[in-house]
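# Inside the fold
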There are 2 protein chains.
Amino acid sequence: MQLLKQKVLDEGIVLSNQVLKVDSFLNHQMDPVLMKEMGKEFTRLFDGQNITRVLTIESSGIAPGIMTALELGVPLIFARKQKSLTLRHDIFVEKVFSFTKQETNEITVAKKFIHSGDRVLIIDDFLANGEAAFGLARIVEQAGAEVIGIGIVIEKAFQPGGRLLKEAGYRVESLVRIASLDDGAVSFADPLE
Amino acid sequence: MQLLKQKVLDEGIVLSNQVLKVDSFLNHQMDPVLMKEMGKEFTRLFDGQNITRVLTIESSGIAPGIMTALELGVPLIFARKQKSLTLRHDIFVEKVFSFTKQETNEITVAKKFIHSGDRVLIIDDFLANGEAAFGLARIVEQAGAEVIGIGIVIEKAFQPGGRLLKEAGYRVESLVRIASLDDGAVSFADPLE
């Protein structure tokens, strides 16, 4: 997605060869026009798939998620993150390890919002090791529903998440794939679009 | 806002005379068309105010916030909530007490995203005691910017937040004001629109 690549080049800050800061348009300040365009692009990529629900995770997935849900004409559900919680019969729970924060969170979705027969598109802002996406996919499968695909805003393609998700059989579509952050610069995996 | 009142009546669950659960369309599952209409309504209410930024707080404020920012053609910033954090010179920090959770969180916004001269519209999903809205307003004022108004999706008008904010000089516009949740039923403060 050319508009997003340009934003990454113009405003992304390479903090290390692992960390790209995009807080001016994606995960602290948000550019609403860019979010809307992302929603259109995810809808185009998953056209004809009869998606019934979009599922994301708080907080940075919500804006691209709601724009995608608006374009698709389906509800958005966002999973909540919690340190730990008392077991409840009415929610799906999965454990997700964050490499960035070096901690395990529980992510939860109320059972009443995903059902057998649902065709679910998972949306998230970043893909690195794939922990969050796998956790969301397991929740969809706990519900007896189907993961139609995983839409990612920025994939760090030098980390294993994308490969692992594809090996597990999921369709992954990333709007931008970054091959490397070496030498303080962003290199895209697909430079020509 | 009639569409929202109808949603509250159809899908809101009165858990007690203090608590209204709206997780089917506002704060867990989200209705994207309703969010878009909210964005239009906030834009109509604050028309002509030359707003330069929308500010909200994670997580449930993000969807109405991004739709309002899209309509207004300005960026959205969402404040992050944290239990506590090491002091940093590059962020604004305010303490916010949650009556629901009976805990104090710190809310933070990077200083680079709000500046002197900004005209800020604060958006949040619920208004009860006003703690979050006051915290966001204090951040705007720390930045030397101006709070143009506070847009609330659902105000529990039987709790003091709305009155306190108005007494402090803020313009508050709530899409729906609830007068009471007594006897398991929702009574609106403005039944006729």
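If you're wondering where the values come from, they're calculated on a predicted model, not measured in any experiment.

## A look at the interface of chain A and chain B
Of the residues lining the interface, 33 residues belong to chain A; the matching set on chain B comes to 33 residues. A buried area of about 2600 Å², summed over both sides, lies between chain A and chain B, and 65% of it is on carbon and sulfur atoms. Taken together, the connections running from chain A to chain B amount to 2 salt bridges. A:Lys112 serves as the salt-bridge partner of B:Asp23, at 3.1 Å between the closest nitrogen and oxygen. Joining chain A to chain B, the criterion identifies 15 residue pairs in polar contact (both at pLDDT 80 or more). The set of elements that each furnish at least two residues to the side of chain A that touches chain B consists of β3 (29-30), α2 (32-45), α3 (62-72), β5 (76-82) and β7 (103-110) of chain A. Ranked by residues supplied to the side of chain A that touches chain B, first place goes to α3(A) with 6 residues. Of the residues belonging to the side of chain A that touches chain B, the class tally is 19 nonpolar, 7 polar and 7 charged.

## Digging into the environment of A:Leu175
All names here are of chain A. Assignment of secondary structure puts Leu175 in strand β10 (residues 172-180). Assessed through its relative accessible area of 4%, Leu175 is described here as buried. With 23 residues separating them along the chain, Leu175 and Ile152 place their C-alpha atoms 6.3 Å apart.

## A short note on the UniProt feature "binding site: 5-phospho-alpha-D-ribose 1-diphosphate" (unreviewed entry) in chain A
The residues that UniProt annotates with the feature "binding site: 5-phospho-alpha-D-ribose 1-diphosphate" (unreviewed entry) are A:Ala128, A:Asn129, A:Gly130, A:Glu131 and A:Ala132. Take A:Gly130: its relative accessible area is 4%, and that puts it in the buried class.

## A look at the packing of aromatic side chains
All names here are of chain A. Applying the stated rule across the entire model yields 4 aromatic pairs over all chains. With a centroid separation of 5.0 Å and 85° between ring planes, the pair formed by Phe97 and Phe99 is classed as edge-to-face. Here Phe97 falls in the partly exposed class, since its relative accessible area comes to 27%. Assessed through its relative accessible area of 41%, Phe99 is described here as partly exposed. Positioned above the aromatic ring of Phe188, the side-chain terminus of Lys5 is 5.4 Å from the ring centre.

## Looking at helix α1 (residues 2-11) of chain B
All names here are of chain B. Here α1 has its buried residues at Leu4, Lys5, Lys7 and Val8. Viewed along the axis of α1, the buried residues span an arc of 160°, placing them on a single side of the element. Where the residues of α1 are buried, they touch β2 (20-21), α2 (32-45), β9 (146-156), β10 (172-180) and β11 (187-188).

## A few points about the relation of the copies chain A and chain B
Structural alignment of chain A on chain B gives an RMSD of 0.0 Å, achieved by rotating through 180° and translating 0.0 Å along the axis. Both copies of the chain, as the preceding transformation shows, are related through a two-fold rotation axis. Closest approach to the rotation axis among the C-alpha atoms of chain A is made by A:Ser59, whose C-alpha sits 2.7 Å away. An overlap of 100% is found between the interface residues of chain A and their copies at the interface of chain B, pointing to a shared contact surface.

Conventions we followed
Residues numbered from 1 in each chain as written. Chains lettered and ligands numbered in written order. Predicted model: local features only at pLDDT ≥ 70, side-chain atom pairs only at ≥ 80, totals over all residues. Heavy atoms only, no water. Contact = heavy atoms within 4.5 Å. Buried area = accessible area lost by both parts, 1.4 Å probe. Salt bridge = Lys/Arg side-chain N within 4 Å of Asp/Glu carboxyl O. Polar contact = N/O pair within 3.5 Å; in protein donor to acceptor, adjacent residues only side chain to side chain. Helix = DSSP H or I, 4+ residues; strand = E, 2+ residues; numbered from the N terminus. Nonpolar A, V, L, I, M, F, W, Y, C, P; charged D, E, K, R; others polar. Buried < 20%, exposed > 50% of the residue type's maximum accessible area, 1.4 Å probe, protein only. UniProt positions renumbered as here; feature names shortened; annotations may be inferred. Phe/Tyr/Trp six-rings, centres within 6.5 Å; stacked < 30°, edge-to-face > 60°. Lys NZ or Arg CZ within 6 Å of the ring centre and 35° of its normal. Arc of directions from axis to C-beta. Least-squares fit on C-alpha atoms with pLDDT ≥ 70 in both.

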